[in-house]
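# A look at the structure
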Amino acid sequence: PMSRTRSLLYTAFALALAVGGAAFWAGPRGAAAPSKGAPILPRPAYVGAVVEARTVEQLTGESVRILTGTVESLRSYFTTDGNGINTDLPLAVDGVLKGQAGAVEVITLPGGEVGDSSLLAGGAPNFLVGERVLLFLDGSRFAIAGLWQGKYTLSGETAFQAESGLSVPVSE
């Protein structure tokens, strides 16, 4: 028998598939994705961080919310002290698998690009405008559980994790 967590994950993947998806496309940071049906996959996260490996079950348990949706835009800005850069990512939510969410949720990530300034945040996942994702959110300031481990790119009948090379079929 399938565990409840694994069943929840398959449900998340199936829901994401019902809305549509694509295979792979790697473009510049924040670049608009090609038209619907064209592949989408961002570059892997900057590996300047050591993170404890987490299973899907652990991510599910740590998460306050689990959402599927499409990245609407990326807006990077200097922090109020001027010493850092953060990026806001409005996510058009099309599935709530755990917790609650509005139609659009803004996720804040460390790092980004403002003009000629760039800040790479170790372990923070990268996103592309138009990318379909499954996110495990833990409720912290930088909300993605397990850093890059809490983000999957949804494409066709597969969920991909660029950093680990993991691809999970979601047609079950």
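Above this text you will find the structure in question.
The structure reproduced in this document is the subject of the present report.

Criteria and thresholds
- Residues numbered from 1 in each chain as written.
- Predicted model: local features only at pLDDT ≥ 70, side-chain atom pairs only at ≥ 80, totals over all residues.
- Heavy atoms only, no water.
- Salt bridge = Lys/Arg side-chain N within 4 Å of Asp/Glu carboxyl O.
- Helix = DSSP H or I, 4+ residues; strand = E, 2+ residues; numbered from the N terminus.
- Buried < 20%, exposed > 50% of the residue type's maximum accessible area, 1.4 Å probe, protein only.
- Pairing = 2+ DSSP bridges.
- Core = buried A, V, L, I, M, F, W, Y, C linked by side-chain atoms within 4.5 Å.
- Contact = heavy atoms within 4.5 Å.

Time to look at the pattern of salt bridges. Considering all chains together, one arrives at five salt bridges under this definition. In this structure, Arg65 and Glu105 form a salt bridge, with 2.9 Å as the shortest nitrogen-oxygen distance. Note that Arg65 is positioned in strand β1 (residues 65-71) and Glu105 in strand β4 (residues 104-110), a separation of 40 residues in sequence. Accessibility assignment for this pair places Arg65 and Glu105 in one class, buried.

So, about unusual backbone geometry. The bulk of non-glycine residues show a negative phi, and the bulk of peptide bonds are trans. Phi at Leu147 is positive, roughly 55°, even though this residue is not glycine. In this structure, Leu147 sits in the loop between β7 (132-137) and β8 (151-155). Judged by relative accessible area, Leu147 falls into the partly exposed class, the value being 31%.

Regular strands place their side chains on alternate faces of the sheet. Relative to β4, strand β3 (residues 85-98) runs antiparallel, the two sharing seven bridges. Residue pairing for β4: Pro90 is matched across the bridge by Val106. Where β3 folds back onto β4 in an antiparallel hairpin, the turn is made up of five residues, including Gly99, whose phi is positive at roughly 80°.

Ranked by size, the top nonpolar core spans 13 residues in total, and within it Leu91, Ile107, Phe127, Leu135, Leu137 and Ile144 carry the most contacts. When contributions to this core are tallied by element, the ones reaching two or more residues are β1, β3, β4 and β7. If near-sequence neighbours (up to four positions away) are discounted, Leu91 is found in contact with Leu67, Gly69, Thr70, Val71, Ala103, Val104, Glu105, Val133 and Leu135. Judged by nonpolar contacts, the second largest core, of eleven residues, contains Ile66, Leu97, Tyr152 and Ala159.

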